[in-house]
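Understanding the architecture of this molecule
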Amino acid sequence: MENQELGNKLLVPKKPSLSVVHCELNLDDLLGEYLSESKALNIKLGPNDYDVGAFHSTFLRQGLKGEAVPPEPLGNTPHKITTNKMKGEKKKFEFPAGNGGAWSSFPDDSSLAGNSTEGASLPGLTLPKNTLAGTTVGTKKKSRRGKKSSETRPRGGAPILAADGDEKVAGERSLLLKWMKKADFHRTAAYSLQENGSRTQPGWNGRNPPPATRLELRRDYSTGKIYETLSRFFPVYYNQGRPAVLLDSESRAFFYRTSQCIWFMLKEVEFYTAVLKLLQATLEDSETKAKFSNAERGPHFPCIIGIDRRYSDKPELTAWHRQNFDAVEEFINTPVIKSVTEWVSSVVNLVFPGVADRFRSSAKWHGITAPFGLFWNLCINGMFEGQRRIHCLPHADSKNIVGVCVLVIYEIPGNKKKFNHSKRTWLVLWEAGVAIELPPWVMAAYPSSLLYHFNVDVSDFKFVTTEGDERPTPENSTPLEEGDGDGRGSLVYFNQAVMYMSSETDSATLKEATKKGHSGKTDYGKAIQDGFEKHGVYRSIQPLAK
């Protein structure tokens, strides 16, 4: 195989074989092949390169004498090998940094051992009445203590002391720990928000993959060629009644999926009536349907309402919000919509308190009350006549702040068949190498600006799993039937980066800020550290039989 020398530091094949490209996607099976190909390519392996950690591309970039390649410039992610390409040369397709083989799970016998929120503040928690993470919570039993006993005998204990006597903060911390103990944790050793998050150099928002990469990925998506790669992604099935948490290689929680929300499900007719009342006239318009027939995210109508600052020096309502002001305000103030917004904000406040704090600081600077709790914007994905479901094409929400968006899934009432979420419209997070089952009536919070993502039917391929990973069973999957892919709808709560550029530079625009001497940049590392907390998990160890 012919080699190309790069700066006397790195040797890589001009046309790497598929086995080399995929060595991150199937660690166990390709260990021997990795070693033999490395030897054939004259890549000298250090003493620590013979374990599975060597499969990460960071460790593959080694010089002939075992010297590490110098760090890449800011803006390049570690999984990309930079080459001195000739002008006009086609950019090679880039596979994701994460991979299925790098993921591990902590099943039902796992619990939360430590959480950085133990020393953090969790102010302003608001939960819908008697609800938590989508499950119904029983009402609190009436205390037998005297009416004024709380005044004469204050509560004590370690939680109260750790919260400096603040019972509210102590209660929120206790709630979070109890909540997390009911969750399934999945951790990857190959994807890091800090190192692999796809963001712009100034650090405010995400960044799309290069145009050539997007074009090839979308082409492979449309032809089904992408299934070969997706089959080696890590599947996160829905575990009835249990939330799911995804941790990166530094144990930072970057994805949270709730269990199904019972009270939301019971309000399906009321909820969809509100959505239809707002969007029906637009969805029946043939010109609007034609306009979005080839849209980047899919052939649906993305109705964006709320406040942004994309085209002006100061925040203002979105164009569609202004043009349909009365209808939008009625929608926002519908009781079921207000409850969903409160639910979404409460979960974000609880699971991503740093993200919530950053939003509150921004809102305080602007002096504006956000219309959607902890979010400036809401996108209601509307289905045109004849459209079966919301099923998004590959894209990144690159204009969003480095934080989380929240995806809310619902099902249109009245369908003959229930939506088959065990096979249909899973969420793929490309760089992390993971595919996630999303049933109706759940919400999922994750940094959509940092991850290229899309929907896929897992009925079109089979996951390649290693021993010990969950495999499809009759309990976690349902046979396909005609019509079981219809009726899936979604909402997306999000924040655009421009709102934070103003508040965090104390200027109307970045242009104005740079005139005052500001760099125009923000600390991406601090945004990750503050917004995505580290978690620890433990497994119970059974004593050896005597």
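Calculation criteria
- Residues numbered from 1 in each chain as written.
- Predicted model: local features only at pLDDT ≥ 70, side-chain atom pairs only at ≥ 80, totals over all residues.
- Heavy atoms only, no water.
- Salt bridge = Lys/Arg side-chain N within 4 Å of Asp/Glu carboxyl O.
- Helix = DSSP H or I, 4+ residues; strand = E, 2+ residues; numbered from the N terminus.
- Polar contact = N/O pair within 3.5 Å; in protein donor to acceptor, adjacent residues only side chain to side chain.
- Contact = heavy atoms within 4.5 Å.
- Buried < 20%, exposed > 50% of the residue type's maximum accessible area, 1.4 Å probe, protein only.
- Arc of directions from axis to C-beta.
- Phe/Tyr/Trp six-rings, centres within 6.5 Å; stacked < 30°, edge-to-face > 60°.
- Lys NZ or Arg CZ within 6 Å of the ring centre and 35° of its normal.

Turning next to the pattern of salt bridges. Applying the stated criterion to the full structure yields 13 salt bridges. Put simply, E316 and R322 hold a salt bridge, and the shortest N to O gap is 4.0 Å. Between R388 and D486 there is a salt bridge, and its shortest N-O distance comes to 2.6 Å. Of this pair, R388 sits in the loop between strand 13 (377-382) and strand 14 (405-411) while D486 sits in the loop between strand 18 (453-456) and strand 19 (488-494), placing them 98 residues apart in sequence.

Note on placement: D397 falls in the loop between strand 13 and strand 14. Here the side chain of D397 touches S448 through a polar contact of 2.9 Å, side chain to side chain. Beyond its immediate chain neighbours, meaning those up to four positions away, D397 contacts R297, S448, S449 and H453.

Each full turn of the α-helix corresponds to 3.6 residues, which orients residues three or four apart in the same direction. The complete set of buried residues in helix 19 (residues 524-531) reads Y524, G525, A527, I528 and G531. Projected down its long axis, helix 19 carries its buried residues within an arc of 165 degrees, all on one side. Against the buried residues of helix 19 lie helix 7 (193-196) and helix 16 (353-366). The distance from a side-chain oxygen at the start of helix 19 to the backbone nitrogen of G525 is 3.1 Å, and the residue carrying that oxygen is D523.

Another aspect to go through is the packing of aromatic side chains. Under the definition given, this model contains 25 aromatic pairs. Consider the rings of Y227 and F461, whose centres lie 5.5 Å apart with planes at 25 degrees: the pair is stacked. Taken as a pair, Y227 in helix 9 (residues 227-230) and F461 in the loop between strand 18 and strand 19 lie far apart in primary sequence, 234 residues in all. When its relative accessible area of 22% is taken as the criterion, Y227 is described as partly exposed. Judged by relative accessible area, F461 falls into the buried class, the value being 10%. Look at F301 and F384: their rings are 6.4 Å apart centre to centre, the planes differ by 55 degrees, and that puts the pair in the tilted class. Linking F301 in strand 11 (residues 301-308) with F384 in the loop between strand 13 and strand 14, this pair joins segments that are 83 residues apart in sequence. In this pair, the class of F301 matches that of F384, namely buried. The structure contains a cluster of three or more aromatic residues connected by ring pairs, namely W263, F264, F271, Y272, W343, Y410 and W441. Above the plane of the ring of Y524 lies R199, whose end atom (NZ or CZ) is 4.2 Å from the centre.

Note that every value here comes from positions in space, so none of it alone points to a role or purpose.
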